[in-house]
Structures are given as structure tokens and as C-alpha cells.
Amino acid sequence: MKLYNSPIDKFEYNNNFFYVKRDDLLSPEFSGNKARKLAYYLENNCVNNINEIISYGGYQSNLMYSLSCLAKIKQYKFTYYTKKLSETTKLLVEGNLFESIKNNMQLVEIENDFHKFCENLELTLKPHQLLIKQGGAQIEAEYGIIQLAKEIDTWAQENNYNPAIFLPSGTGVSALYLQKNLPKYKVYTTNCVGSVEYLKQQFINLEPELSNYPVILPNKFKFAQPHIELFNIWQNICKCSSINFDLIYDPVGWKAVIDNLTQIKQPIIYIHCGGLLGNNTMLQRYKYLKLI
Ligand SMILES: *Cc1c(COP(=O)(O)O)cnc(C)c1O
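Overview of the structure.

Criteria and thresholds
Residues numbered from 1 in each chain as written. Predicted model: local features only at pLDDT ≥ 70, side-chain atom pairs only at ≥ 80, totals over all residues. Heavy atoms only, no water. Buried < 20%, exposed > 50% of the residue type's maximum accessible area, 1.4 Å probe, protein only. Helix = DSSP H or I, 4+ residues; strand = E, 2+ residues; numbered from the N terminus. Arc of directions from axis to C-beta. Contact = heavy atoms within 4.5 Å. Pairing = 2+ DSSP bridges. Axes fitted to C-alpha atoms, helices over the stretch in contact; angles between N-to-C directions. Near = heavy atom within 4 Å. Polar contact = N/O pair within 3.5 Å; in protein donor to acceptor, adjacent residues only side chain to side chain. Areas by Shrake-Rupley, 256 points an atom, 1.4 Å probe, with all protein chains shown as cover. Phe/Tyr/Trp six-rings, centres within 6.5 Å; stacked < 30°, edge-to-face > 60°. Lys NZ or Arg CZ within 6 Å of the ring centre and 35° of its normal.

**Brief notes about helix H5 (residues 114-121)**
Then comes step 1: Residues of H5 that are buried include every one of Phe114, Cys118 and Leu121, and no others. Within H5, the buried residues cover an arc of 50° as seen down the axis, which keeps them to one side. Set apart from the buried face of H5 by more than 90 degrees, the exposed residues are His115, Lys116 and Glu119.
Then comes step 2: On its buried side, H5 packs onto strand E3 (52-56), strand E4 (77-83), strand E5 (106-110) and strand E6 (129-132).

What follows is the structure, encoded as C-alpha cells:
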């Protein structure tokens, strides 16, 4: 299983050169930053007496799928809480939800007060249960991100670069720990989920003492909402790079990069965070909405 040392590719787009850290080429079960975020649990047997993973969040979460693979490898039970699903969602035969259920994930739909329910999970946790917060937003994620930081630093030193680093944020955990462990370089990100203020708060909650947080390039698009402008950017970047990017985070990420090229110092290294398993279901939504 390949969990680190991904290659770095280069491509040209409108007379700009970009480097891409190909974490999408890591092991498919844990592709992208989910491999980094879960490396701690994969490589350490320090979680004693655990036989069940508990987590919660969106029903097409990339982390949910990676947790279902982790549970399978470790032979743990995996229980995942999400909001009530629509009937059409239940019929999907591909994507993260379908694949996670195939991995024996126990899905529990919560009809009322989802957020309150999730807050309470921590209080009712049993000793044999391991709780992974939504999106894996917890300190154990730093373990694998330190390895990613080392790989980037080695590459930069070998090439004599002082790169700007970019990756799109959900919880912001990956961007935060990358900046913390690469103080020499500037990490840029954008808020794909929630507002700029939400993302800032996420940084502060995890690392209240850090003096340099990642720079947030603001995004106004709603999370996981198809939009033709985003689709066009995604298509152009995929074409120019011959790399398949994800259709939820990366269109927003690349828009933030392209709109802010004058602000961001070059060269830019874009971290490909994986997530390709969801592309087909997202393409179907674009088609269903007659946007493409
Ligand atoms: C999870 C994910 C992100 C966001 O990672 P965070 O650490 O939650 O900010 C970005 N891109 C892809 C493809 C992801 O799956």
C-alpha cells in the first residue's frame, strides 16, 4: 500500500507553470490527503482495545470512504452517522456511499438535530470505540501531514525553489498542519466548505498558538453545488495538465489560484488531494441540472 512519496508533475496553463503533488496516485483506498490524515492510524497500533470506528458527516464524504477501508483492514466495525438520505441517493450504485456500504459500513440516518447528536457522540463514547471527527479534523492528522511537508521541502531544496503551496480546504486541517510544518514557505488555501470565518475558526480551534496561519483566498461558491464556471475551469485544467482532478474541491481550488496569480508568489505547487471516486456522481448531477 503506497501511503507516501508521491511524484510531482509540471504543466503549463496560459503561460504559467504549475507543479502538482500527485497524492491522488497514493493507494486508492486512502488517496489524496486522506492517506496523510489517516496515516497515524494505519501505521501505529497504539489504539488499544479498539474494535469500532465511529464517525459522522456528509453522505458522500471522501473521508468516510477511507475510514471504511481502514475499518476493513483493521477488522473494526464502522458506524457512520449522517442526515436523512433521499430515496434517489439510496439508489446510487457508485461513489463514496455505495463503496463504503460495500465495505460493511453501518450507516445510521439521523432525522432531527443532527449537529446536537454529533456533539453528544463524544460524551457517550465507549472505551472500545474510536471517534473520528467530521472530516478527520483532529490532532492525529498531523502525523501524516508532517511526512507530506518533508517531501515538499526535499523537492524544493533539491530544485532550489521557494514555492508557494496551495491546497483547497474542507476542514482546513491539511492546510493548517502543512503551514505549521513548513514555516519557510507560504501555504495558500480557499474555503470550499463554509465561510472564510468558519475556516479561520477551524485553524484557531486546532492550533490556537500558531503565529502564521495559511492565507485564505476567499471563495463564494456553495459547497458541492454544480456551477458552469467551476466546470469550465475544471475541464480546462484537466485538459492542459492531463491530470484528472476532483469535481468538488479542485474547481474551487483552481479558480482561487488563477484569480490570485498576481498575489501568489511563484512557483506554485498544488497539492492534489484525491477524491476522484466521487467524480461520476458529480458529473451526473451536472447532467441532471442540464448544465453540461
Ligand atoms: C478532504 C478533501 C479536501 C479537504 O481537506 P481538509 O483537510 O478537510 O481541509 C480537499 N480536497 C479533497 C479532494 C478532499 O477529499
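**Overview of the sheet that holds E3**
Then comes step 1: A sheet is described by the order of its strands in space; here four strands give the open sequence E5-E4-E3-E6, paired in parallel fashion. If you trace the sheet from one side to the other, it starts and ends with E5 and E6, each paired once. Pairs of neighbouring strands in the sheet enclose a mean axial angle of 20°, with direction left out of account.
Then comes step 2: Two elements, E3 and E6, share four bridges in a ladder whose sense is parallel. When the bridges of E6 are listed, serine 55 appears paired with isoleucine 132.
Then comes step 3: Contacting E3, E4 and E6, helix H2 (residues 62-74) crosses the sheet at an angle of about 165° to E4.
Then comes step 4: Docked against the sheet, H5 engages E3, E4, E5 and E6, running at close to 150° with respect to E4.

**A closer look at the site of the ligand**
Then comes step 1: Around the ligand, the structure places 16 residues, and the nearest of them are Lys34, Lys37, Asn62, Thr171 and Ser174.
Then comes step 2: In the environment of the ligand, an oxygen atom lies 2.8 Å from a nitrogen or oxygen atom belonging to the side chain of asparagine 33.
Then comes step 3: At 2.6 Å, a side-chain N or O of asparagine 62 approaches an oxygen atom of the ligand.
Then comes step 4: Here the ligand loses 97% of its free accessible area of 390 Å² to cover by the protein chains.
Then comes step 5: Within the residue set of the shell around the ligand, elements represented by two or more residues are helix H1 (33-43) and helix H7 (173-181).
Then comes step 6: For the shell around the ligand, the element with the most residues is H1, which contributes three residues.

**Topic: the packing of aromatic side chains**
Then comes step 1: Inspection of every chain in the model, using the stated rule, returns 18 aromatic pairs.
Then comes step 2: An aromatic cluster of three or more residues is present, and its members are Phe11, Phe18, Phe166, Phe245, Trp254 and Tyr270.
Then comes step 3: A cation over a ring is seen here: lysine 10 above phenylalanine 17, with NZ or CZ 4.6 Å from the ring centre.

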